[in-house]
Structures are given as C-alpha cells and as structure tokens.
Amino acid sequence: MTESLDRPLEQQITLLELVDRVLNKGVVLSGDIMLSVADVDLVYVGLRVLLASVGTLERLHEEP
Amino acid sequence: MSDPRAPLPGTAYYTYGVVPLDFSSAALDGAQGLGERPVEIVTGEKAAALTSVVSLDEFGEEPLRANLNDRDWLERAARAHEEVLERALADAPVIPFRLCTVYRGREQVLELLSERGATFAELLDRLRGTVELGVKAYLDRARFLEAAGAAPAPASPSGREYMLRRQRERTLDEEREQFKAECGRSSHERLAAVALAAQANPPQPPEVSGRTDEMLLNGAYLVEAAHGALADAVAELEQTYGPRGVSYELTGPWPPYNFVPRELAET
C-alpha cells in the first residue's frame, strides 16, 4: 500500500473536490507566450488517474 | 553577453493566478508552492501575478503529460497550487488560473499583465471581499424509501404480492427521481438567494463523487467573506430535507474558481 492510500477517505474526497476545481475551473489562458497548456484531454487523463485511485480506496474500506 | 531578459535556461514561470497591486507579500510567508524558490510576485501596471520558477524537466510539455498521469504528482501540484491561492485569498481577492498554466519566462508573465491588466483589475474589484463556497447534497436511498413508507419484502411473496411490489418499486423510482430534481432545484434557489452569485454544476455520478449516495446538488456560491448566511441556509435545508434522506456538505472557502471567466479577453 502506498503512502497516499493510507490517508482517510474523507481527505481523498476533499482532494477530488480540489482537483475538480483546479482542473475544470479557473481562468484558462492560451497563446504563444505560454510554454505549455495542459489541453482538455490531458486534464481528463489526470482526473481519471485520481478517480481510479479513489475507487480503489473505497473498495479497500469496504473489505474488512 | 546574454540578454538579461531572456528566460533562465531550463526553467519556466508557473503562474497560480493574479492579485491586485495592493496585495501584501507577507501573506505568502511560509508558502511552499511549486519549484525550489519562494513564490515570486511579478508586478505589472494594473495587477500582479503569483508565480514560481519551475524546472522544464518537470513542467515542459512532455514531462507534464507524464506527470498529470501520476496520481501523487497531481495531488502535490494541486495542493501546492491551492495553498498559494488560499494564502493570498486571506489578504486580497485572487483570480485563480487553471492548474499548470506555465509561461516561458518573467517577461512573458509581464506581457500577460500588460495585455489583460484592465480586465484583471476590473474582475479583482468585483471579487474583493468575497469567497466561494461549495455545497453538495446527497440522497440516501434507504432513508428515502423508509420515509416514503416502503415495506420490506415478504419472505415468500405470492404472485400477486410480487406484482404489486414490482409496481410499487417502479413508482418509488419515479418519485425518487422527481424528488431529487425538485430538492436540487429548490436547495439551489434557497442558497442562491443569500449569495452574490451562484453556479449549479452537474451533479457527479457516484464513481466521480466517491460516495454511494446519489448527488442531487453540486453548487458553488460566491458570498461575502463573512459567510454566515449561507451556512444558516444549509442548516435550514438540512432540517427541511434531512428527514427524507438528504444530507448536505459545505466546503470552502475556496478561491473563486467558479466565478472567473474561463477565457479572458485582451484589453
């Protein structure tokens, strides 16, 4: 079990709420003065990684 | 001699968001941020940007693609991004940028501030003294059914009992969907009435919310920084809908992620 999975479920959900905001909301700028913009696909990939781990965690909690 | 304005080789400017010119740098004392160096305030004529010098090994386009797929990296970045904005929010209004907004160098951040300075300043004026709060509402199916008076299934139902039961279940499913829509709508209206601005986001399915209860409200509310009225409204809603199986979750204060435009016009 990795360190991040040791944390309580509550905190994981707060993280989900946070990631939902920082990736899906906020001002998005673009233009050639920018180095890189995480495009929408990347955002969904990132969010999926997180969701997958929350799902895993929930199952761990359900199995005594 | 190299151009002193040229970006440092191998680095870039991660930009968290924008604050007004009267922002006090002391608010950032102790903020870790991303990168090795302290958070740097880049000041333009009408607004200032909160930035960190970061390594291209981490934030270049290719490494970033890989890093966003790494759960632990994503968590660290999201928390650092939020921490800087939250500390700033304690002192002044902030315009939060999306995670991983990276400029080539300081000069390019200044260019952003000069191109959009008036828009930033106007938006910051409107946001002054406010915070964003999140309210989610969930329906506990078992409690809803209990409140609706659904009888437990008999051990060995007759054919007729079985048919009646199936019919009743279908009616209850419809009632539940109807109740969720109504409760979500009226909860949002009640909360929006005590907020300066309100945003109803689509309720998340259980696999996203990480809960088995069904989400019926996923709202964001812009309120005065002393936000007692919204918490009071949530408590009232709990009293009204709690007996039918609804629970509310209040989060924040957040930087106003839901109340800044997705895209900003040049000014």
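Structure: see above.
Residues numbered from 1 in each chain as written. Chains lettered and ligands numbered in written order. Predicted model: local features only at pLDDT ≥ 70, side-chain atom pairs only at ≥ 80, totals over all residues. Heavy atoms only, no water.

Regarding the packing of helix α6 (residues 159-193) of chain B against helix α8 (residues 228-241) of chain B
Residue and element names in this part refer to chain B.
Working step 1: In the contact formed by α6 and α8, the axes pass within 10 Å of each other and the chain directions differ by 155°. Here α6 lies roughly antiparallel to α8, going by the angle between them. Note on packing geometry: the crossing formed by α6 with α8 is right-handed. Contact with α6, carried on its side by Phe179, Cys183, Ser186, Ser187, Arg190 and Leu191, involves Leu230, Ala233, Val234, Glu236, Leu237 and Tyr241 of α8 and no other residues of that element. (Axes fitted to C-alpha atoms, helices over the stretch in contact; angles between N-to-C directions. Helix = DSSP H or I, 4+ residues; strand = E, 2+ residues; numbered from the N terminus. Parallel < 35°, antiparallel > 145°, perpendicular 65-115°, else oblique. Left-handed = near helix turned anticlockwise from the far one by under 90°. Contact = heavy atoms within 4.5 Å.)

Section: helix α3 (residues 71-89) of chain B
Working step 1: Here α3(B) contains 19 residues, and its C-alpha end-to-end distance of 27 Å stays within 8% of the 27 Å for a straight helix at 1.5 Å per residue.
Working step 2: N-cap assignment for α3(B): the residue whose side-chain oxygen lies 3.0 Å from the backbone N of Asp72(B) is Asp70(B). (Expected span 1.5 Å × (residues − 1). Polar contact = N/O pair within 3.5 Å; in protein donor to acceptor, adjacent residues only side chain to side chain.)

Some details on the side chain of Thr101(B)
Working step 1: Note on placement: Thr101(B) falls in strand β5 (residues 101-103).
Working step 2: Given a relative accessible area of 4%, Thr101(B) falls into the buried group. (Buried < 20%, exposed > 50% of the residue type's maximum accessible area, 1.4 Å probe, protein only.)

Structural notes on the sheet that holds strand β9 (residues 246-254) of chain B
Residue and element names in this part refer to chain B.
Working step 1: Ordered by their spatial adjacency, four strands build an open sheet running β7-β8-β6-β9, and the pairing between neighbours is antiparallel. At either margin of the open sheet sits one strand with a lone partner, and together these are β7 (197-201) and β9. Put simply, the sheet's adjacent strands are angled 20° from each other on average, direction ignored.
Working step 2: Where strand β6 (residues 130-139) and strand β8 (residues 214-224) come together, ten bridges link them in antiparallel fashion. Its bridge partner being in β8, Tyr138 is matched across the sheet by Met215. (Pairing = 2+ DSSP bridges.)

Focus on the packing of aromatic side chains
Working step 1: Counted according to the given criterion, the structure contains six aromatic pairs over all chains.
Working step 2: Measuring from ring centre to ring centre gives 5.5 Å for Phe59(B) and Trp73(B), while their planes differ by 55°; the resulting arrangement is tilted. Separated by 14 residues along the polypeptide, Phe59(B) in helix α1 (residues 56-59) and Trp73(B) in helix α3 bring together distant segments of the chain. For the pair Phe59(B) and Trp73(B), one class covers both residues: buried.
Working step 3: Put simply, the rings of Tyr14(B), Tyr16(B), Phe59(B) and Trp73(B) pair up and form one aromatic cluster.
Working step 4: Over the ring of Trp254(B) we find Arg21(A); its NZ or CZ atom is 4.3 Å from the centre of that ring. (Phe/Tyr/Trp six-rings, centres within 6.5 Å; stacked < 30°, edge-to-face > 60°. Lys NZ or Arg CZ within 6 Å of the ring centre and 35° of its normal.)

Focus: the nonpolar core
All names here are of chain B.
Working step 1: Residues Leu50, Phe59, Leu191, Val246 and Tyr248 are the most contacted members of the largest nonpolar core, which totals 58 residues.
Working step 2: Top element by residues in this core is α3. It accounts for nine residues.
Working step 3: In terms of domain composition, this core takes at least three residues from each of domain 1 (11-127) and domain 2 (131-259).
Working step 4: Other than its neighbours up to four places away in sequence, Leu191 contacts Val135, Leu217, Tyr221, Leu230, Ala233, Val234 and Leu237. (Core = buried A, V, L, I, M, F, W, Y, C linked by side-chain atoms within 4.5 Å. Domains from an automatic or database assignment.)

Observations concerning the pattern of salt bridges
Residue and element names in this part refer to chain B.
Working step 1: Summed over all chains, the structure comprises 21 salt bridges over all chains.
Working step 2: The salt bridge partner of Asp173 is Arg141, with a shortest N-O separation of 3.8 Å. With a gap of 32 residues between them, Asp173 in helix α6 and Arg141 in helix α5 (residues 141-147) connect regions that are remote in the sequence.
Working step 3: Each of Arg141, Asp173, Arg176, Glu177, Lys180 and Glu214 takes part in a single network of salt bridges with overlapping partners. (Salt bridge = Lys/Arg side-chain N within 4 Å of Asp/Glu carboxyl O.)

Quick look at the pairing of strand β1 (residues 11-19) of chain B
Regular strands place side chains that alternate from one sheet face to the opposite one.
Residues and elements named next belong to chain B.
Working step 1: The element β1 is largely enclosed, with a buried count of nine among its nine residues.
Working step 2: In the sheet, β1 pairs with strand β3 (residues 48-55) via eight bridges, with the strands oriented antiparallel. When the bridges of β3 are listed, Thr11 appears paired with Ser55.
Working step 3: Sheet topology places β1 next to β5; two bridges connect them, and they run antiparallel. Residue Tyr14 lies in a different strand from β5, and its bridge partner there is Val102.

The values are spatial; any link to function lies outside them.
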